[in-house]
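# Architecture at a glance
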Amino acid sequence: GESVGLHLPTLSVQEGDNSIINCAYSNSASDYFIWYKQESGKGPQFIIDIRSNMDKRQGQRVTVLLNKTVKHLSLQIAATQPGDSAVYFCAENQGNAGNMLTFGGGTRLMVKP
Amino acid sequence: DAGITQSPRHKVTETGTPVTLRCHQTENHRYMYWYRQDPGHGLRLIHYSYGVKDTDKGEVSDGYSVSRSKTEDFLLTLESATSSQTSVYFCAIREDRVSGYTFGSGTRLTVV
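In this text the structure is predicted, and so the values were computed from the model without any measurement.

Cut-offs used in this document
- Residues numbered from 1 in each chain as written.
- Chains lettered and ligands numbered in written order.
- Predicted model: local features only at pLDDT ≥ 70, side-chain atom pairs only at ≥ 80, totals over all residues.
- Heavy atoms only, no water.
- Salt bridge = Lys/Arg side-chain N within 4 Å of Asp/Glu carboxyl O.
- Helix = DSSP H or I, 4+ residues; strand = E, 2+ residues; numbered from the N terminus.
- Buried < 20%, exposed > 50% of the residue type's maximum accessible area, 1.4 Å probe, protein only.
- Disulfide = S-S within 2.5 Å.
- Contact = heavy atoms within 4.5 Å.
- Polar contact = N/O pair within 3.5 Å; in protein donor to acceptor, adjacent residues only side chain to side chain.
- Nonpolar A, V, L, I, M, F, W, Y, C, P; charged D, E, K, R; others polar.
- Pairing = 2+ DSSP bridges.
- Axes fitted to C-alpha atoms, helices over the stretch in contact; angles between N-to-C directions.
- Phe/Tyr/Trp six-rings, centres within 6.5 Å; stacked < 30°, edge-to-face > 60°.
- Core = buried A, V, L, I, M, F, W, Y, C linked by side-chain atoms within 4.5 Å.

Turning our attention to the pattern of salt bridges. Residue and element names in this part refer to chain B. With the rule as written, the count across this model stands at seven salt bridges over all chains. Of the charged contacts, one joins Asp-73 and Arg-22 as a salt bridge, the two residues approaching to 3.1 Å between their closest N and O atoms. With a gap of 51 residues between them, Asp-73 in strand E8 (residues 73-78) and Arg-22 in strand E3 (residues 19-25) connect regions that are remote in the sequence. Here Asp-73 falls in the buried class, since its relative accessible area comes to 8%.

What follows covers the state of the cysteines. Here, the word disulfide means a covalent bond between the sulfur atoms of two cysteines. All chains considered together, the criterion is met by two disulfides over all chains. Residue pairing for Cys-23 of chain A: its cysteine sulfur links by disulfide to Cys-90 of chain A, the two sulfurs lying 1.6 Å apart. Of the two residues, Cys-23 of chain A is situated in strand E2 (residues 19-24) and Cys-90 of chain A in strand E8 (residues 86-93); the sequence distance between them amounts to 67 residues. Each member of the pair, Cys-23 of chain A as well as Cys-90 of chain A, is classed as buried. Two residues share a disulfide in this structure: Cys-23 of chain B and Cys-91 of chain B, whose sulfurs sit 1.9 Å from each other.

On to the interface of chain B and chain A, then. The interface is formed by 23 residues belonging to chain B together with 23 residues belonging to chain A. The tally of links from chain B across to chain A stands at zero salt bridges. Between chain B and chain A we count six residue pairs in polar contact (both at pLDDT 80 or more) in total. Elements represented by at least two residues in the side of chain B that touches chain A include exactly strand E4 (31-38), strand E5 (42-51), strand E9 (87-94) and strand E10 (101-103) of chain B. Per element, the largest residue contribution to the side of chain B that touches chain A is five residues, and it comes from E4 of chain B. Tallied by class, residues from the side of chain B that touches chain A come to twelve nonpolar, six polar and five charged.

It is worth spelling out the sheet that holds E8 of chain B at this point. Residue and element names in this part refer to chain B. As summarised here, the arrangement of the four strands in space is E1-E3-E8-E7, forming an open sheet in which the pairing is antiparallel. Edge positions in the sheet fall to strand E1 (4-7) and strand E7 (64-70), since each of these pairs with one other strand and no more. Each strand of the sheet is rotated relative to its neighbour by a mean of 20 degrees, with strand direction disregarded. Here six bridges tie E3 to E8, and the two strands are oriented antiparallel to one another. Across the sheet, residue Val-19 finds its bridge partner in E8, namely Leu-78.

Here the focus is the packing of aromatic side chains. This model, assessed by the stated rule, comprises 16 aromatic pairs over all chains. Between Tyr-36 of chain A and Phe-103 of chain A, the aromatic rings sit 5.9 Å apart at their centres with planes inclined by 50 degrees, giving tilted as the arrangement. Taken together, the residues Tyr-36 of chain A in strand E3 (residues 32-38) and Phe-103 of chain A in strand E9 (residues 101-103) connect sequence positions 67 residues apart. For Tyr-36 of chain A, a relative accessible area of 0% gives the class buried. Summarising the aromatic geometry, the rings of Phe-90 of chain B and Phe-103 of chain B are spaced 6.3 Å apart at their centres and angled 90 degrees between planes, so their arrangement reads as edge-to-face. Separated by 13 residues along the polypeptide, Phe-90 of chain B in strand E9 and Phe-103 of chain B in strand E10 bring together distant segments of the chain. In this pair, the class of Phe-90 of chain B matches that of Phe-103 of chain B, namely buried.

If you look at the biggest cluster of nonpolar residues, it comprises 21 residues, and the most contacted ones within it are Tyr-36, Leu-101 and Phe-103 of chain A together with Tyr-33, Tyr-35, Tyr-101 and Phe-103 of chain B. Secondary structure elements with two or more residues in this core: E3, E8 and E9 of chain A together with E4, E5, E9 and E10 of chain B. Non-local contacts of Leu-101 of chain A, meaning those with residues more than four positions away in its chain, are made with Ile-34, Tyr-36, Ala-91, Glu-92 and Asn-93 of chain A together with Tyr-35, Arg-94 and Tyr-101 of chain B.

For residues other than glycine, phi is negative in most cases, and the peptide bonds are mostly trans. At the junction of Ser-7 of chain B and Pro-8 of chain B, the peptide bond is cis and its omega measures out at -10 degrees in the coordinates. Within the secondary structure layout, Pro-8 of chain B lies in the loop between E1 and strand E2 (10-13). Unusually for a residue other than glycine, Arg-61 of chain A sits at a positive phi of about 70 degrees. Mapped onto the elements, Arg-61 of chain A comes out in the loop between strand E5 (56-58) and strand E6 (62-67). For Arg-61 of chain A, a relative accessible area of 29% corresponds to the partly exposed category. At Lys-53 of chain B, a residue that is not glycine, the phi angle is positive and equals roughly 65 degrees. In this fold, Lys-53 of chain B is placed in the loop between E5 and strand E6 (54-57).

Here it is, written out as structure tokens:
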């Protein structure tokens, strides 16, 4: 598959451990945030989202935390599995004219069996 | 991906030739986007559309044009392909400003 990024920050975790992936966003006026997962050779897939009026949201094995004070977003993956190995992107909605999302550079998660 | 398809999935073309990539959606979403993804650059917006015949430029629009004559189709054209346009191209659709994108599976374009 294609190489998503040759120089991405990489997080390496042991299978079964919890993973935390961090993201700093740029615009204090952003009102909606999303985490995407991208596996090799595939398009990014939606994982979880959060609106700016919340500071935490949980899904199945994933939790997103939002700290608006420091413009920080994190994705927590519980009991990480080999299938979680991928590149993870955060995205923010800045409320621009085209309703475009602005993407972070991505973090590569590698899960060791 | 559900509701959005890109074609072709892979293409090799020669420098100087025109190329058109197609994005087709069955979700009736208003917003459609074309991105390119390159190592070290992440996802970069080429063009977007906010309705039929309503399009605008993104951050890397030089050398690209788009058309949207129907809600379901968003075409990206490279007028005269160059080697710097070798990339993976993703189309995305969005329902509204408080929903995420749904991405297509991508088109891998190689310009030789």
